[in-house]
Amino acid sequence: MNQTQASTIVIVGAGPAGCATSLFLSKLKIPHTVIEKNSFPRDKVCGDALSGKVVQVLKQLDPSLIQHFQNKPNAFLPSWGVQFVAPNGKSIDIPFKKDMQNEPHAPGFISKRMDFDATLFSWLDTTYATVLTETTLIDITNESDGHAITIQHKNELKQITDVKMLVGADGDRSIVGKKLIGRKKENKHYCAGIRAYYSGVTGLHEQNFIELHFLKDLLPGYLWIFPLPNGQANVGAGMLSASISAKKINLKESMLKAIENNPALKARFKNAELQGKIEGWGLPLGSKKRPLSGDHFLLTGDAGSLIDPFTGEGIGNAMYSGMLAAKHIQKCIEKNSFKAAFNEQYDHAFYERQWEELKLSHTMQKMVKFPWLFNFVVNKAHKNKLLRETISCMFEDLDMRAKLRNPLFYLKLIGND
Ligand SMILES: Cc1cc2nc3c(=O)[nH]c(=O)nc-3n(C[C@H](O)[C@H](O)[C@H](O)COP(=O)(O)OP(=O)(O)OC[C@H]3O[C@@H](n4cnc5c(N)ncnc54)[C@H](O)[C@@H]3O)c2cc1C
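So, here's what we can say about the structure. Source: prediction; values computed, not measured. The numbers attached to residues start from 1 for each chain and follow its sequence in the written order. Owing to the predicted nature of the model, reporting of local features is limited to residues with pLDDT of at least 70; listing and counting of side-chain atom pairs is limited to 80 or more, with chain, interface and lining totals taken over all residues. Think of the side-chain values as coming from all heavy atoms in the structure, minus any hydrogens and water.

Where helices and strands are cited, they refer to DSSP runs of H or I of at least four residues and of E of at least two residues respectively, numbered from the N terminus. A tally of helices and strands in the chain yields 14 helices and 20 strands. For the chain, whose C-alpha radius of gyration is 22 Å, the value lies close to the compact-globule estimate of 22 Å for 417 residues. With the C-alpha coordinates aligned to their principal axes, the bounding extent of the chain is approximately 65 × 45 × 45 Å. Throughout, a residue-residue contact means that at least one pair of heavy atoms, one from each residue, lies within 4.5 Å. In the chain, 72% of the contacts between residues at least 6 apart in sequence involve partners at least 24 apart. Areas reported here follow the Shrake-Rupley algorithm with a probe of radius 1.4 Å; residue values treat only the protein chains shown as occluding. Put simply, the chain shows about 18,800 Å² of open surface, and 51% of that area lies on carbon and sulfur atoms. With 52 positive and 41 negative side-chain charges, the chain shows a separation of 5 Å between the mean positions of the two kinds. Atoms counted for the radius of gyration: C-alpha only. Globule rule: 2.2 Å times the number of residues to the power 0.38. Here Asp and Glu are counted as negative and Lys and Arg as positive; His is not counted, and neither are the chain ends. Working definition for charges: the position is that of NZ of Lys, CZ of Arg, CG of Asp or CD of Glu.

It is worth spelling out the packing of aromatic side chains at this point. Think of it this way: a Phe, Tyr or Trp ring, Trp meaning its six-membered ring, pairs with another when their centres are within 6.5 Å, and the plane angle makes it stacked under 30 degrees, edge-to-face over 60, tilted otherwise. Scanning all chains against the criterion turns up 14 aromatic pairs. The interplanar angle of 20° and the centroid separation of 4.4 Å between the aromatic rings of F40 and F121 together place this pair among those described as stacked. Within this pair, whereas F40 is found in the loop between β3 (32–35) and β4 (49–50), its partner F121 is found in helix α4 (residues 113–122), the two being separated by 81 residues in sequence. The pair F40 / F121 is uniform in exposure class, with both members buried. Aromatic side chains F69 and F109 sit 5.2 Å apart centroid to centroid with 75° between the ring planes, which places their arrangement in the edge-to-face category. With F69 in helix α3 (residues 65–71) and F109 in strand β8 (residues 108–110), the pair connects residues that are 40 residues apart, well separated along the chain. Accessibility assignment for this pair places F69 and F109 in one class, buried. Each member of the aromatic cluster is reached from another via a ring pair, and the members are F84, F214, Y222, W224, F226 and F310. Just above the ring of Y197 sits the side chain of K112; from NZ or CZ to the centre is 4.3 Å. Any residue under 20% of the maximum accessible area for its type is buried, any over 50% is exposed, and the rest in between are partly exposed; the area is computed with a 1.4 Å probe on protein chains only. Definition used: whenever NZ (Lys) or CZ (Arg) falls within 6 Å of the ring centre and also within 35 degrees of the ring normal, the charge is taken to sit over that ring.

On to the side chain of H328. Along the chain, H328 turns up in helix α9 (residues 315–335). Those residues in contact with H328 that lie beyond four places of it in its chain are M165, L298, F342, N343, Q345 and Y346.

For every element, the axis is a line fit to its C-alpha atoms; helices are fit only across the contacting stretch, and the angle between N-to-C directions ranges from 0 to 180 degrees. Closest axis-to-axis distance for the helix α1 (residues 16–27)/α9 pair is 7 Å, and the angle between their directions is 35°. Like other packed secondary-structure pairs, α1 and α9 cross with a definite hand, here right-handed. Residue-level inspection shows P16, A17, A20, T21, F24 and L25 of α1 in contact with α9, the latter providing I315, A318, M319, G322, M323, A325, A326 and I329. A per-class count over the contact of α1 with α9 returns 12 nonpolar, 2 polar and no charged. Throughout, a crossing is termed right-handed when the near helix is turned clockwise from the far one, and left-handed when it is turned anticlockwise from it by less than a right angle. Polar here means any residue other than Ala, Val, Leu, Ile, Met, Phe, Trp, Tyr, Cys and Pro, which are nonpolar, and Asp, Glu, Lys and Arg, which are charged; Gly is therefore polar.

Going from F40 to P41, the amide bond is cis rather than trans, its omega being 0°. Relative to the assigned elements, P41 resides in the loop between β3 and β4. The omega torsion across L219 and P220 is 10°, close enough to zero to call that bond cis. With respect to the element layout, P220 can be found in the loop between β15 (210–213) and β16 (222–227). The phi dihedral of K154 falls on the positive side, at around 55°, and the residue is not glycine. Looking at the element boundaries, K154 is found in the loop between β11 (146–153) and β12 (156–163).

Around the ligand, a shell composed of 38 residues is seen, among which E36, G47, A49, D302 and G314 lie nearest. As used in this structure description, the phrase polar contact means that two N or O atoms lie within 3.5 Å; if the pair is within protein, one of them must be able to donate a hydrogen and the other to accept it, and residues adjacent in sequence are counted only when both atoms belong to side chains. Within the backbone of A49, a nitrogen or oxygen atom sits 2.9 Å from a nitrogen atom of the ligand. Protein contact buries 95% of the 1,000 Å² of open area that the ligand shows by itself. Mapped onto the shell around the ligand, the elements with two or more residues apiece are α1, β10 (135–143), β16, β18 (273–284) and α9. Those domain boundaries reflect an automatic or database domain assignment. Inspection of the shell around the ligand shows a minimum of three residues originating in each of domain 1 (2–63 + 114–185 + 287–363) and domain 2 (80–108 + 187–284). By convention in this text, a residue qualifies as near a molecule or strand provided that one of its non-hydrogen atoms is within 4 Å of it.

Should DSSP find at least two bridges between two strands, the strands are taken to pair. Taking strand neighbours across the sheet as the criterion, the 6 strands line up as β9-β3-β2-β13-β20-β19 in an open arrangement whose pairing is mixed. Two strands bound the open sheet, and with one partner strand each, they are β9 (129–132) and β19 (293–294). Across 3 bridges, strand β2 (residues 9–12) lies against β3 in parallel orientation. Looking at the pairing, I11 lines up with V34 of β3. Sitting on the sheet, α9 touches β2, β13 (165–168) and β20 (297–299), and the angle it makes with β13 is about 170°.

As C-alpha cells, this is what we get:
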C-alpha cells in the first residue's frame, strides 16, 4: 500500500453536503482534500426539488450563483409553490411565499441531480481543494491525534495519515458514520423512496408547483409529481420503512397501481412514457436528535441523518450542515482543537437552527397517519384564503409552523369558515 503525504482536512463525498463543505472551506481559504467514489456527472435517486434553504445557502456563498440557475432553463426549472392533494382528492395550492410580486427569482428550483450535483462539483475551487474522483474511502483507523484513512483508486490502495478532521459527507450508507459512531438504520426514522422519470405527464402547474399526493392506498407515505425542465416530470413515492414492513407494501407496485387506477392520475398519465428504470434509495430522517461529531470527525447531510421527516427534503440540510462544518473547522484550526468536546459546538450550531423545524416536520409526518385530519385541514384551506395564506407563511416562518403542533389551531379551524 502506498503512503501519501499528510492531509489535515479530508471530506468524503462530493454530493451537496461535501461540495458545500468544500466551497465554504475554499471561501475561508482553508486547504483540504475531497474524495469521491464516482465522477461527475452522476445520477442520485432523488425528487430533484431544491428548496428555499438550498437557495439561501448558495446565496451566502455567492449571491450571483442563483443567476446561473436562471441562465440554464434546460437544467433548472423555477418553482413557486407546492400543491397538497388530500386522501379525499381535494387539493390546495400553497405558494412558497405570501407575496411573490417583488421576488427577483423563484424561491425554489427543480433540477435533475445529474445536472445539479455536476454544477456544484464544477464550482469546487482547486486552489484550495485537492479533488480525487473515482476514489473510495475503504477504512478508517484511529490514531492518537487524528485518523489514518485507506482509499482505493482503481486497483490501487493508498493511505492518508494524520487526518486532523474527517468530514463524513458520504451519504446514506456512510462509512464514516458506521465506523466512527456505529450508525445504524432505524426503521422508525428511515424512509424508503423510489423515483421514475416520465415524459408527457399533463396537468402540471403553470408555475411549476411541486405536487404531493396523499393517496389512501399509499398512506402514511405519499406520491409526488415534480415538474422538470424539457417537459419531463420526476414521479416517485416514499414511505416510512417501519410502515412498509408492517403493511408489507411493495412501493413500486403501489405507485404504478395508483398511476393506473386513480382517476385523476390516470387521465394525466394517459400519454406519459416512463424514461429509463424506476430506481430506489433510502432516506435517513432527522426525526431523532443524533450526535453529529466526535474526535476528529463531523457528519454532514445524509451521513448525519438530516432529512426532513415530512417533506423528504435533504439537500437543504446537507448544504446547510456543510456550511456549518466549514465554519466550525475554521474555529478548530484557530484553536488547534479537533477533539469531541470542541466539536460538539458544531452539533449545537446545527440543531440550534434546525431542530425545531425537524421536530415540527416529525409531528406533521405523524399527522399523515390520520387521513381524516388531513382531509379536514385541506377541506378548510380549500374554502378559506386566509388559512391558505397562513400555511404559505409556514414555509418561511417557524413560529407560524409551530401552530400546526398546537391543538388550538385545529379547534379554531372548526369554528372558522
Ligand atoms: C427517493 C428520494 C427522493 C428525494 N427527494 C428529495 C427532494 O426532492 N429534495 C431534497 O432536498 N432531497 C430529496 N431527497 C434527499 C436527498 O437526496 C439527500 O438528502 C441528499 O442527496 C443528501 O446529500 P449528501 O451530500 O448528504 O449525500 P449524497 O447526495 O448521497 O452524496 C454522497 C456522495 O458521497 C459519495 N460516496 C459515498 N460513499 C463514498 C465512499 N466510501 N468514498 C467516497 N465517496 C463516497 C457518493 O458517490 C456521493 O457522491 C430524496 C431522497 C430519496 C432517496
